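Examining the three-dimensional arrangement
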Amino acid sequence: MAVTITDVARAAGVSTSTVSYALSGKRSISPDTRRRIDEAITSLGFIVNAGARALATSQTMVIGLLTQFHADEFAPAMLEYILPVSDTARELGYDILLVTELDSDAALRRVTSSGMVDGVVLLDVVHEDPRLATLRDAVQPGALVGLPKHTEGLDVFDLDFGESARLLVDHLYARGHREIIVVSPPLHVFERGGAYGWRFRDAALERAARYGLQMHPYYGESRQPEIGRSINAILDARPTATALIVHNDATIAALPSVLTARGVSTPDDLSVVSLYAKDFGRAFSLPYTAVESSPDELGRSAVRQLVRRITSPDLAGPAVTRFVAPEITDRGSTR
């Protein structure tokens, strides 16, 4: 037979109303009472009825996660951001509604106006993001992973891509490199408004100019065999370059095999640095010195801030824009 709230109350030695208050959050419960209720719920395997809870509290305990899987983007990199959002939501008692429609503004309007979610996290944020007006008009709070042009009234979390580029240029300059290639995301990412692409590229070019370095910027590709052809063409065109900066997930994942086929050894023949998450690097066995892209920290921070807005809107404070400070891990791929 299904476990009921009365069974939980009996096991915890409290009234059914106390269990109800503990589940709904409508009244404060002492830590000892809360512990006994939690232990009873766990031991009995009690599952809260989501529909009943929504009626009682006007909360669904669901967070909407809106992103887009573009056919021309590298899906493993996107998953690095989805997983920490989902994991953190579950830790805080929320389920995730993943919405991947191409018309993401209409999707956002639908899930917020229908009351399907208590709040939303936006991924794949672009410079002039059409979803932001809808998000500002919604009753539910939202959090962004990615920096748009206008951040007013929004909680925004992102890596400091400009400083990431400067760190990598500094790293190469300190080791004597004076001619460097930088490979950016594909052109279509820039055209869609992927500001992280030009924030990194422009900062790298500015730093190189400050040092008097030669820097050759190129757009990368997102799929094979175009990636291999592109890298080979770039290296053929710049035979005197001694270092390569790769800000392109699909390209860096394919680079070891491309360089091996070319007979290029790192760092003896070419120094390589990049920007990617540690887990991403392990998945593709990448041996390169890199700045940590921090998808885990970004996803967790966005969800925690969002839940604060949902549960304690008066205490969450004004909207925040927070950048993760980049950290470089030297894996010996430069000389």
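Here, the structure is the one placed above.
Computed from a prediction, not measured in an experiment: that's the story for all the values here. (Residues numbered from 1 in each chain as written. Predicted model: local features only at pLDDT ≥ 70, side-chain atom pairs only at ≥ 80, totals over all residues. Heavy atoms only, no water.)

**Looking at the environment of Pro185**
We count it as follows: Numbering goes from the N terminus for both helices and strands, where a helix is a DSSP run of H or I of at least four residues and a strand is a run of E of at least two. Contacts between residues were defined by any pair of non-hydrogen atoms, one from each residue, lying within 4.5 Å.
As for its position among the elements, Pro185 is in the loop between strand E6 (179-184) and helix H9 (187-192). Along the primary structure Pro185 and Phe74 are separated by 111 residues, whereas in three dimensions their C-alpha atoms are 11 Å apart. Setting aside its immediate chain neighbours within four residues, Pro185 contacts Phe190, Tyr196, Gly197, Tyr219, Gly220, His247 and Asn248.

**Some details on the packing of aromatic side chains**
The cut-off we apply is this: Between rings of Phe, Tyr and Trp, where Trp is taken as its six-membered ring, a pair exists when centres lie within 6.5 Å; planes separated by under 30 degrees are stacked, by over 60 edge-to-face, and by other angles tilted.
Tallying each qualifying case throughout the model produces 6 aromatic pairs. Ring centres 3.9 Å apart and planes at 5° place the aromatic pair Tyr173 and Tyr211 in the stacked group. Remark: Tyr211 occurs in helix H10 (residues 195-211) and Tyr173 occurs in helix H8 (residues 161-174); sequence separation between them is 38 residues. Geometrically, the ring pair formed by Tyr276 and Phe280 is tilted, given 6.3 Å between the ring centres and 45° between the ring planes.

**So, the packing of H8 against H10**
Rule in force here: The axes are straight lines fitted to the C-alpha atoms, using for helices just the contacting stretch, and the angles between their N-to-C directions are given from 0 to 180°. It is the rotation of the near helix from the far one that decides the hand of a crossing: anticlockwise by less than a right angle makes it left-handed, clockwise makes it right-handed. Side-chain classes are defined by residue name, with Ala, Val, Leu, Ile, Met, Phe, Trp, Tyr, Cys and Pro counting as nonpolar, Asp, Glu, Lys and Arg as charged, and the others, Gly among them, as polar.
Where H8 meets H10, the axes come as close as 7 Å, and the angle between the chain directions of the two elements is 35°. By crossing handedness, the relation of H8 to H10 is classed as right-handed. Facing Phe161, Gly162, Ser164, Ala165, Arg166, Leu168, Val169, Asp170 and Tyr173 of H8, the residues of H10 in contact are Tyr196, Arg199, Phe200, Ala203, Ala204, Arg207, Ala208 and Tyr211. Per-class residue counts for the contact of H8 with H10 are 11 nonpolar, 2 polar and 4 charged.

**Some thoughts on the nonpolar core**
Cut-off, in case you're wondering: Residues enter a nonpolar core if they are buried and are Ala, Val, Leu, Ile, Met, Phe, Trp, Tyr or Cys, with the set joined through side-chain atoms within 4.5 Å. Relative accessibility thresholds used throughout: buried, under 20% of the residue-type maximum; exposed, over 50%; partly exposed, between the two (1.4 Å probe, protein chains only).
Core analysis: the biggest nonpolar cluster contains 40 residues, and Ile63, Val121, Phe200, Met215 and Ile245 have the highest contact counts within it. Ranked by residues supplied to this core, first place goes to helix H14 (residues 295-311) with 6 residues. When neighbours within four sequence positions are excluded, Ile245 is seen to be in contact with Leu168, Val169, Leu172, Ile180, Ile181, Val182, Val183, Phe200, Met215 and Val273. By size, the runner-up hydrophobic cluster in this structure holds 25 residues, among which are Ala77, Ala250, Ala254 and Leu255.

**Thoughts on the layout of surface pockets**
The condition is simple: In this analysis, the protein atoms alone were mapped onto a 1 Å grid. Cavities are point sets where a 1.4 Å probe fits without being able to get out; pockets are open sets with protein on both sides within 12 Å along at least five of seven lines; lining residues have an atom within 4 Å of a point. Grid points are joined across faces, edges and corners, and a volume is the space filled by probe spheres set on the points.
Each pocket or cavity is described by its volume, and for the largest pocket that value is around 770 Å³. In terms of lining, the largest pocket is formed by 42 residues, of which the most central are Ala77, Met78, Tyr81, Tyr196 and Asp249. Listed by contribution, the elements that provide at least two residues to the lining of the largest pocket are helix H5 (75-91), strand E5 (155-159), H9, H10, helix H12 (249-262) and H14. The greatest single-element share of the lining of the largest pocket, amounting to 5 residues, is contributed by H5.

**What about the pattern of salt bridges?**
For the record, the criterion: Basic side-chain nitrogens of Lys or Arg form a salt bridge, by our definition, when they fall within 4 Å of a carboxyl oxygen of Asp or Glu.
A full pass over the atoms with the stated rule returns 22 salt bridges. The partner of Arg90 in a salt bridge is Asp95, and the shortest N-O contact between them spans 3.0 Å. Given the relative accessible area of 46%, Arg90 is considered partly exposed. In this structure, Glu163 engages Arg166 in a salt bridge whose closest nitrogen and oxygen atoms are separated by 3.0 Å. One end of the pair, Glu163, and the other, Arg166, are both in helix H8, 3 residues apart, so they sit about a helical turn from each other. Residue class for Glu163 comes out partly exposed when judged on its relative accessible area of 28%.

**Quick word on the packing of H5 against H14**
A pair of packed helices is captured by two measures, namely the crossing angle of their axes and the spacing between those axes. Convention followed: An angle below 35 degrees is read as roughly parallel, one above 145 as roughly antiparallel, one from 65 to 115 as roughly perpendicular, and any other as oblique.
Remark: H5 packs on H14, axes separated minimally by 8 Å, with the N-to-C direction vectors making an angle of 40°. Comparing their axes, H14 and H5 come out oblique. Regarding H5 and H14, the two cross each other, and that crossing is right-handed. Contacts between H5 and H14 involve Glu80, Tyr81, Pro84, Val85, Asp87, Thr88, Ala89 and Glu91 from the former and Pro295, Asp296, Leu298, Gly299, Arg300, Val303 and Arg304 from the latter. Residues that form the contact of H5 with H14 fall into these classes: 7 nonpolar, 2 polar and 6 charged.

**Considering the environment of Pro287**
With respect to the helices and strands, Pro287 occurs in the loop between helix H13 (278-283) and strand E10 (289-291). By relative accessible area, Pro287 is classed as partly exposed at 42%. When the C-alpha atoms of Pro287 and Gly332 are compared, they prove to be 7.9 Å apart, with 45 residues separating the residues in sequence. Excluding anything up to four places from it in sequence, Pro287 contacts Pro256, Tyr276, Arg331 and Ser333.

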